[in-house]
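Below, each chain spelled out in residue letters.
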Amino acid sequence: MRRADIMLIGAVIVLVALGLLAGRGDHGSADTTHGDPAEPAPHRSRAAETAGGEAPVAAADPELRHEFGTPPDARHVPERAVDTDEPPRLALEPEAEDRPLPTLYEVAEGVYMLFGNIAEVDESNRGFNGNAGFVVTDAGVIAIDSLGSPELGRRMIATIRSVTDKPIKYLILTHSHPDHSYGAVAFRRLGGVTVVGHEGTLDYIHSERIDGSAEYRRGFIAEDMQGFEGVEPDVLIGGERFSKRSIHLGDRRLEVYNVGQHHSAGDLVVRQVEARILWIGDLAFNGRVTFMADGHSKQILEGQRWLMESFGERARLMVPGHGSAQTPPFPMVERTRRYVTGLRRKMARAVEQGWGLQKAVERSHMPAWEEVRLYGLNHRPNANFVYREMEMALF
Ligand SMILES: [Zn+2]
């Protein structure tokens with residue numbers, strides 16, 4: 001399918017979605033996620049965060065929530081989910097009665113993307129701050145990621161149901177961070193869904209980190225988090241790095257790659273063979289600064305090299321965990337690589353010069369990135385994390 005066709009289908013879907021939206025009275029929000037480099041955000045303890053991606057701090061002050069969150073007084077639903085710099089700004093109603101989510105786009109035939117906000121979790125966006133998707137085959141549905149709460153998981157299922165009544169057979173979790181996996185329990189309760197995840201996911205589910213992270217989310221969206229529990233995958237992906245397992249369902253084949261632990265306790269990339277689409281999880285970010293609190297920055301670079309060498313010439317579309325999907329030459333991968341490389345270089349120099357952690361983080365500013373969403377919230381914790389990596393490498 002040509003790119004124009006993809007965009008046309010996306011536009012049709014979003015018009016339908018807008019119609020539904022108007023009928024439901026969901027209200028939207030403005031994007032406030034441009035970071036303020038002067039904002040150290042130490043009270044959020046981002047630097048100390050672990051695989052949850054969030055600190056167990058329940059009460060951030062309201063101003064901060066809005067700086068990085070989603071105020072409910074404006075709305076933007078993009079025309080398409082491919083090659084756009086304008087992510088949705090949606091506020092979701094707390095009592096949504098598990099209705100379909102409004103930002104659904106068909107990015108290829110039978111391939112759907114749920115396009116999330118780029119923001120921190122708050123009461124307005126209710127944790128809908130990452131992407132997910134699903135593939136409809138003639139024998140059932142394969143979901144990829146499950147969004148950020150049990151309620152969002154139920155709404156994702158309702159969204160799938162708005163497109164097809166075929167059974168949901170698989171849920172593949174690209175990694176265990178909350179914005180990607182906390183809806184998984186809704187799929188588990190549905191029954192008949194085989195959950196596929198990285199073997200490292202088990203470590204996370206059986207750690208205290210998941211409790212702290214869930215508690216943090218309850219501070220904003222307690223109702224939506226009701227019934228939350230970690231979901232152990234039925235099929236664990238591990239083995240050699242960049243090895244793959246195939247899933248055949250009906251007329252479609254998916255390959256699930258172990259990309260190591262570049263961003264979490266274990267990260268997967270999903271290749272949808274016939275459509276030449278890659279679901280890359282958080283291996284690259286589109287229009288947002290990454291968050292590094294677990295994983296390994298060197299592995300990010302290795303994973304990106306593998307991705308581009310293996311599929312850069314062959315893929316038609318890459319769907320990241322955050323931001324719009326992208327067509328070749330997939331500039332988000334190079335952009336994320338530049339940020340990570342730049343920060344590694346900066347922190348390596350700081351360690352070599354004998355700077356302490358605090359001084360190194362204070363001088364870690366990267367002006368070229370300060371207008372990018374979530375820089376203000378994530379950059380200093382990222383600098384902190386990479387500094388420690390560089391220190392470890394040296395000693
Ligand atoms: Zn993410």
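Residues numbered from 1 in each chain as written. Predicted model: local features only at pLDDT ≥ 70, side-chain atom pairs only at ≥ 80, totals over all residues.

Colleague: Would you mind going over the overall build of the protein with me for this structure?
Modeller: Along the protein, the regular secondary structure elements total eleven helices and twelve strands. Burial analysis of the protein (395 residues in total) assigns 54% to the buried set. Here the contacts in the protein between residues at least 6 apart in sequence split such that 74% fall between residues at least 24 apart. (Helix = DSSP H or I, 4+ residues; strand = E, 2+ residues; numbered from the N terminus. Buried ≥ 20, exposed ≤ 12 C-beta atoms within 10 Å, placed from the backbone. Contact = placed C-beta atoms within 7 Å.)

Colleague: Help me understand helix α11 (residues 375-394) in this model?
Modeller: Helix length check: α11 (20 residues) gives 27 Å between terminal C-alpha atoms against 28 Å at 1.5 Å per residue, within 8%. With 14 of 20 residues buried, α11 lies mostly within the body of the structure. (Expected span 1.5 Å × (residues − 1).)

Colleague: Would you mind going over the nonpolar core with me for this structure?
Modeller: Across soluble globular proteins, you tend to see nonpolar side chains buried next to one another. A143, I172 and V269 are the most contacted members of the largest nonpolar core, which totals 97 residues. If one sorts the elements of this core by residue count, helix α9 (residues 331-352) sits on top with eight residues. (Core = buried A, V, L, I, M, F, W, Y, C linked by C-beta atoms within 7 Å.)

Colleague: What am I meant to see in the packing of helix α8 (residues 297-311) against α9 here?
Modeller: Helix packing geometry: the angle between the two helix axes and the distance between the axes. Relative orientation of the contacting elements α8 and α9 amounts to 155°, with a least axis distance of 10 Å. The angle between α8 and α9 places the two elements in the roughly antiparallel class. By crossing handedness, the relation of α8 to α9 is classed as left-handed. Of the residues in α9, those in contact with S297, I300, L301, Q304, L307 and M308 of α8 are V333, R337, V340, T341 and R344. Here the contact of α8 with α9 is built from residues that sort into six nonpolar, three polar and two charged. (Axes fitted to C-alpha atoms, helices over the stretch in contact; angles between N-to-C directions. Parallel < 35°, antiparallel > 145°, perpendicular 65-115°, else oblique. Left-handed = near helix turned anticlockwise from the far one by under 90°. Nonpolar A, V, L, I, M, F, W, Y, C, P; charged D, E, K, R; others polar.)

Colleague: So what exactly am I meant to see when it comes to the pairing of strand β8 (residues 244-249) here?
Modeller: Side-chain direction in a regular strand flips from residue to residue, so the side chains alternate between the two faces of the sheet. Inspection of the sheet shows β8 paired to strand β9 (residues 252-258) by six bridges, in the antiparallel sense. Looking at β9, one finds that L249 is bridged to R252. Counted along the chain from β8 to the antiparallel partner β9, the turn is two residues long, and its residue G250 has a positive phi close to 55°. (Pairing = 2+ DSSP bridges.)

Colleague: Just checking my understanding: could you explain the sheet that holds strand β10 (residues 268-272) for this structure?
Modeller: What links the strands of a sheet is backbone hydrogen bonding, and the strands pair in either a parallel or an antiparallel sense. Spatially, five strands are ordered β8-β9-β10-β11-β12 in an open sheet, and the strand pairing comes out mixed. Here the strands that pair on one side only, and so sit at the sheet edges, are β8 and β12 (317-320). Taking each pair of neighbouring strands and ignoring which way they run, the sheet shows an average axis angle of 20°. Direction of pairing for strand β11 (residues 277-281) relative to β12: parallel, over a ladder of four bridges. What sits directly across from W279, in β12, is V319.

Colleague: Before we go on, may I ask you to explain the sheet that holds strand β5 (residues 168-172) in this structure?
Modeller: Here we have seven strands laid out as an open sheet, ordered β1-β2-β3-β4-β5-β6-β7, and mixed in their pairing. Bordering the open sheet on either side are β1 (104-108) and β7 (235-237), each of which pairs with just one other strand. Adjacent strand axes in the sheet meet at a mean angle of 20° when their direction is disregarded. Pairing analysis gives four bridges linking β1 to strand β2 (residues 111-114), with the strands arranged antiparallel. Bridge pairing in β2 links L104 to L114.

Colleague: How do you make sense of the packing of α9 against α11 when you look at a structure like this?
Modeller: Running from amino to carboxyl end, α9 crosses α11 at an angle of 55°, the nearest separation of the two axes being 8 Å. As far as their axial angle goes, α11 and α9 are oblique. Considering only the axes of α9 and α11, their crossing is right-handed. Residues L343, R344, M347, A348, A350 and V351 of α9 form the contact with α11, whose participating residues are N382, A383, V386, Y387, M390, E391 and L394. In terms of residue class, the contact of α9 with α11 is built from ten nonpolar, one polar and two charged.

Colleague: I'm lost on unusual backbone geometry in this one. Help?
Modeller: Most peptide bonds are trans, and most residues other than glycine sit at a negative phi. Cis geometry marks the peptide bond from P328 to P329, where omega comes out at 5°. One non-glycine residue, D145, adopts positive backbone phi at about 65°. Tracing the backbone shows D145 in the loop between β4 (140-144) and α3 (150-161). Residue class for D145 comes out buried when judged on the 31 C-beta atoms lying within 10 Å of it. Although it is not a glycine, R276 adopts a positive phi angle of roughly 55°. Relative to the helices and strands, R276 is located in the loop between β10 and β11. You can call R276 partly exposed: it has 13 C-beta atoms within 10 Å.

Colleague: Help me understand the confidence of the model for the protein in this model?
Modeller: Detail in the predicted coordinates should be disregarded across regions flagged by low pLDDT. For the protein, per-residue confidence averages 85 on the pLDDT scale, and 82% of positions sit at 70 or higher. Scored below 50 in pLDDT, residues 1-66 makes 142 contacts in the model with residues more than four places away or belonging to other chains. (pLDDT = per-residue confidence, 0-100.)

Colleague: Before we go on, may I ask you to explain helix α7 (residues 209-221) in this structure?
Modeller: Every α-helix carries 3.6 residues per turn, so stepping three or four residues along brings you back to the same face. With 13 residues, α7 should reach 18 Å at 1.5 Å per residue; the first-to-last C-alpha distance of 18 Å fits that figure. Restricting attention to buried positions, one finds in α7 the residues R209, I210, S213, Y216, R217, F220 and I221. What you see down the axis of α7 is that its buried residues fit within an arc of 125°, all on one side. At its buried positions, α7 is contacted by α4 (178-181) and α6 (200-205). (Arc of directions from axis to C-beta.)

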